[in-house]
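Examining the three-dimensional arrangement
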Amino acid sequence: MRIFIAALFLATLAGCQQKMADQPAPRPYEPHDQFPNQQSARPIERGVVHRNQPAADDPLVTWLTPQGKEPKVSAEWKAAVDPQGTTQPTAGAPTSVDNFVKEFPFEITEADLSRGQTMYNAACALCHGGAGYGNGKIPERGFLKPPSYHTDPKGEARDAGHFTGEAPKELPVGYSRGFDRYGIKVPLKEVPVGYIYQVITWGYGGMASHDTQLPIVADRWRVIAYVRALQYSQSVPAAELSAASRQLIESGGGRLPPGHVGGSGGVKTSANEGPGPIKRADH
Ligand code: HEC
């Protein structure tokens, strides 16, 4: 009797297992005869936009000027690089600084700058360095060194630049490699904001696209604002500094006063106090 019950129990279990294992749960896009398109997923209706998708001409996602959508190369560049004239640069090629928008699409507040700082530290500093000198952890371990965001005040330091053919071309430190490819020498301090937006969104050379790291498009502009703040911070004329900051620098630098925008310099403020206990939501 006991054996019979055990056998019955096992048989029930097996039956149960079989049903559970064979559920009608198709994977996305696998062949399936449920719908006329013979796929488990139905095609998206025409004109569907995904949630939060900006319109194509929304200034938040517009970084090219009309000229930038059909870029032209200079006669000198053509003569030197493409004498047959077969190359037609595609939209976004940095053939002129006027190809890119020069204004932010919204007013940057202190809160935007602070958010830009957070996102820069999370998405860019690992390569570009906390202050933008191109000395983050990743290039320290052997990855291609990004250009500095700052120029050498004496104009003497050189960047390895980009590689064309066999030899690396030298550029003054802090100059855009992208523009240099089209014969334009412009420091990254002066490239239009739209160009930096493009580099974040598409990547450039050895740098991959960072659109997934910054899926909220406004954050890309906030990061750019923070890059601008970093650039300003490294070349601000002494006369524009507050007396406290000047004193700080004259005394050999070090810690910035609490509440200073752009970093607390290691000083504990209410915003960066830690490590403290973290209050988690109850589950
Ligand atoms: C994985 C490392 C890495 C990360 C992360 C990264 N970059 Fe870069 N970036 C590079 C490298 C490397 C280059 C130089 C590419 C080359 O010369 O081929 C570069 C170049 C640039 C340039 C200059 C392009 C030019 O014309 O010279 C800008 C601007 C830039 N990055 C902005 C950013 C911003 C903003 C972020 C954060 C959203 C970011 N990068 C994140 C590695 C990185």
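Below or above, wherever it landed, is the structure these notes cover. Predicted model only: the values in this text are computed from it and were never measured.

The next subject is the overall build of the protein. Of regular secondary structure, the protein possesses 10 helices and four strands. Intrachain contacts of the protein at a sequence separation of at least 6 include 49% that bridge at least 24 residues.

Each α-helix winds once per 3.6 residues, and so residues spaced three or four apart point in a common direction. Within helix H8 (residues 193-202), eight of the 10 residues are buried, leaving the element largely enclosed by the surrounding structure. Of all the positions in H8, only Val193, Gly194, Tyr195, Ile196, Tyr197, Gln198, Val199 and Ile200 are classed as buried. In the core, the buried residues of H8 are packed alongside helix H9 (217-233). Following H8 by one or two positions, Gly203 has its phi on the positive side, about 85°.

Before going further, it helps to examine the site of the ligand. Close to the ligand lie 25 residues; Cys124, Cys127, Gly178, Gly205 and Met207 are nearest. For the shell around the ligand, the secondary structure elements donating two or more residues are helix H5 (125-128), helix H7 (177-180), H8 and H9.

Here we come to helix H10 (residues 243-250). Sparse coverage of H10 is indicated by the burial of zero of its eight residues. Phi turns positive, to about 100°, at Gly252, one or two residues after H10.

Moving on: the environment of Glu170. Looking at the secondary structure, you find Glu170 in the loop between strand S3 (167-168) and strand S4 (171-172). A sequence separation of 11 residues divides Glu170 from Asp159, and the C-alpha atoms of the two residues are 5.8 Å apart.

Formed by 25 residues in total, the largest nonpolar core has its most connected members in Ile196, Tyr197, Val223, Ile224 and Val227. For this core, the secondary structure elements donating two or more residues are helix H4 (110-123), H8 and H9. Sorting elements by how many residues they give to this core places H9 first, with seven residues. Ignoring sequence-local partners within four residues, the contact set of Ile224 consists of Val193, Ile196 and Tyr197.

Viewed as axis vectors pointing N to C, H8 and H9 meet at an angle of 120°, and their least axial separation amounts to 10 Å. Comparing their axes, H9 and H8 come out oblique. As for the relative orientation of H8 and H9, their crossing is right-handed in sense. Contact residues: Val193, Ile196, Tyr197, Ile200 and Thr201 in H8; Arg220, Trp221, Val223, Ile224 and Val227 in H9. Residue composition of the contact of H8 with H9, by class: eight nonpolar, one polar and one charged.

The backbone of Tyr29 shows a phi angle near 65°, a positive value even though the residue is not glycine. As for its placement among the helices and strands, Tyr29 is situated in the loop between helix H1 (2-21) and helix H2 (66-69). One non-glycine residue with positive phi stands out, namely Gln38, at about 60°. Note on placement: Gln38 falls in the loop between H1 and H2.

All right, on to the packing of H4 against H9 then. Geometry of a packed helix pair, given as the angle between the helix axes and the separation of the axes. Across the interface, H4 lies against H9 with an axial gap of 7 Å and an inter-helix angle of 90°. The angle between H4 and H9 places the two elements in the roughly perpendicular class. In this structure, H4 uses Asp112, Leu113, Arg115, Gly116, Gln117, Met119 and Tyr120 to contact H9, whose residues at the interface are Asp219, Arg222, Val223, Ala225, Tyr226, Val227 and Ala229. When the residues that make up the contact of H4 with H9 are grouped by side-chain class, the tally is eight nonpolar, two polar and four charged.

Conventions we followed
- Residues numbered from 1 in each chain as written.
- Predicted model: local features only at pLDDT ≥ 70, side-chain atom pairs only at ≥ 80, totals over all residues.
- Helix = DSSP H or I, 4+ residues; strand = E, 2+ residues; numbered from the N terminus.
- Contact = placed C-beta atoms within 7 Å.
- Buried ≥ 20, exposed ≤ 12 C-beta atoms within 10 Å, placed from the backbone.
- Near = placed C-beta within 6 Å.
- Core = buried A, V, L, I, M, F, W, Y, C linked by C-beta atoms within 7 Å.
- Axes fitted to C-alpha atoms, helices over the stretch in contact; angles between N-to-C directions.
- Parallel < 35°, antiparallel > 145°, perpendicular 65-115°, else oblique.
- Left-handed = near helix turned anticlockwise from the far one by under 90°.
- Nonpolar A, V, L, I, M, F, W, Y, C, P; charged D, E, K, R; others polar.

These figures come from the coordinates and say nothing about function on their own.
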